[in-house]
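Fold and contact review
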Amino acid sequence: MSQAQAKAEIGAHCALPSCNLNDFLPIRCKCDQLFCRDHVFPDAHSCPLLVQSQSKSEPSPKLQRCAAPSCNKPSLEAYIANAQDTADRSPALCPGCKQAYCAEHREPKSHSCSPSEPSEPAPQKNAAAKALLAKHFGTSSDSGPGSSSTRPMNPKKLAQQRQIAVMKMRHKAKPLDPKDNTGSVPMDQRLHVFVRQEGQDKTSERVFWLRKTIWTGRALDMLASQFKLAISDTQPLKLLYTSDEGETIVLRTDQPLAEQIPDGAALSLSR
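What you see is a predicted model, and the numbers here were worked out from it, not measured in a lab. (Residues numbered from 1 in each chain as written. Predicted model: local features only at pLDDT ≥ 70, side-chain atom pairs only at ≥ 80, totals over all residues. Heavy atoms only, no water.)

Quick word on the side chain of Ser268
Cut-off, in case you're wondering: Strands are runs of DSSP state E lasting at least two residues, helices are runs of H or I lasting at least four, and both sets are numbered from the N terminus onward. Here a residue-residue contact requires only that any non-hydrogen atoms of the pair lie within 4.5 Å.
Examined against the element boundaries, Ser268 turns out to sit in strand β10 (residues 265–270). Non-local contacts of Ser268, meaning those with residues more than four positions away in its chain, are made with Arg196, Glu198, Lys238, Leu239 and Leu240.

Quick word on the nonpolar core
The following threshold applies: Here the nonpolar core consists of buried residues drawn from Ala, Val, Leu, Ile, Met, Phe, Trp, Tyr and Cys, with membership extended through side-chain atoms lying within 4.5 Å. To sort residues, take the accessible area from a 1.4 Å probe on protein chains only and compare it with the maximum for the residue type: under 20% means buried, over 50% means exposed, and anything in between is partly exposed.
In this structure, Leu257, Ile261, Leu267 and Leu269 are the most contacted members of the largest nonpolar core, which totals 23 residues. Of all the elements in the fold, those that place two or more residues in this core are β6 (190–197), β7 (206–211), α5 (216–226), β8 (238–242) and β10. Top contributing element to this core by residue count: α5, with five residues. Discounting chain neighbours no more than four positions away, the residues touching Leu257 are Leu191, Leu210, Ile214, Trp215, Thr216, Ala219, Leu239 and Leu251.

As for the sheet that holds strand β9 (residues 248–250)
For the record, the criterion: Two strands pair if DSSP finds at least two bridges between them. As a rule, the C-alpha atoms of each element are fitted with a line to give its axis, helices using only the stretch in contact, and angles between N-to-C directions run from 0 to 180 degrees.
As summarised here, the arrangement of the six strands in space is β5-β7-β6-β10-β8-β9, forming an open sheet in which the pairing is mixed. Since the sheet does not close on itself, it has two edges, and those belong to β5 (174–175) and β9, each with one partner. Bridge count between β8 and β9: three bridges; the pairing is antiparallel. Counterpart to Tyr241 in the pairing with β9 is Ile249. Along the sheet face, helix α4 (residues 155–172) touches β5, β6, β7 and β8 and points at about 85 degrees away from the line of β6.

No statement about biological role is implied by the geometric values presented.
Here it is in structure tokens:
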């Protein structure tokens, strides 16, 4: 056998007529023909099996396009398997023209659409829930810790409001006892109060802090001095506290003040 004949028996020629390359490692396609590595792919040699499979496959439906004239993007309804099935979902359609648009043109103003006016005014949503919240948590018109008419009745809410009020009071409260100063009494040993004369408005209200160990009688004497009020048998002075329930309580002078009121309480001086 000659060298040329031995070489011809090694490998095979590519079955693509325009190639006919003698490949020493040919690859067999599913159509049972040998090809070189460049033309073994079905689409590279127009494989008859590929043509048959393409003819049998059904064309895929086109995605619904955005209804905007100059837009070729799929609409938001295009990815719904059955757009006619609206059970348990709200169709992504424009409320005015009822057309499907992409995310960029979904707003009526983005595609020059004027939504039709509703025939009847829409009912107020969550009206019952809002009324319940207003009853228990108050409204934005609450005037502060001294306001009892708009004060929310929820205990946790009241505690939070009082804590916030006390934090604000610490910055402007002055010691009621002239002997005390900022560094002499730790913050956790102070009792903060709003005080005003009965019958006067909140503009006359003043903020003080006292030692939690002070007795109510001693605190009343110092408050009378601050407000320049005389105390006598004929003109007694009382210290009043309005509770969270709106009850006005006359504080006893023979008991510690901290045992009768919470921190951040609003007090009033009354004859």
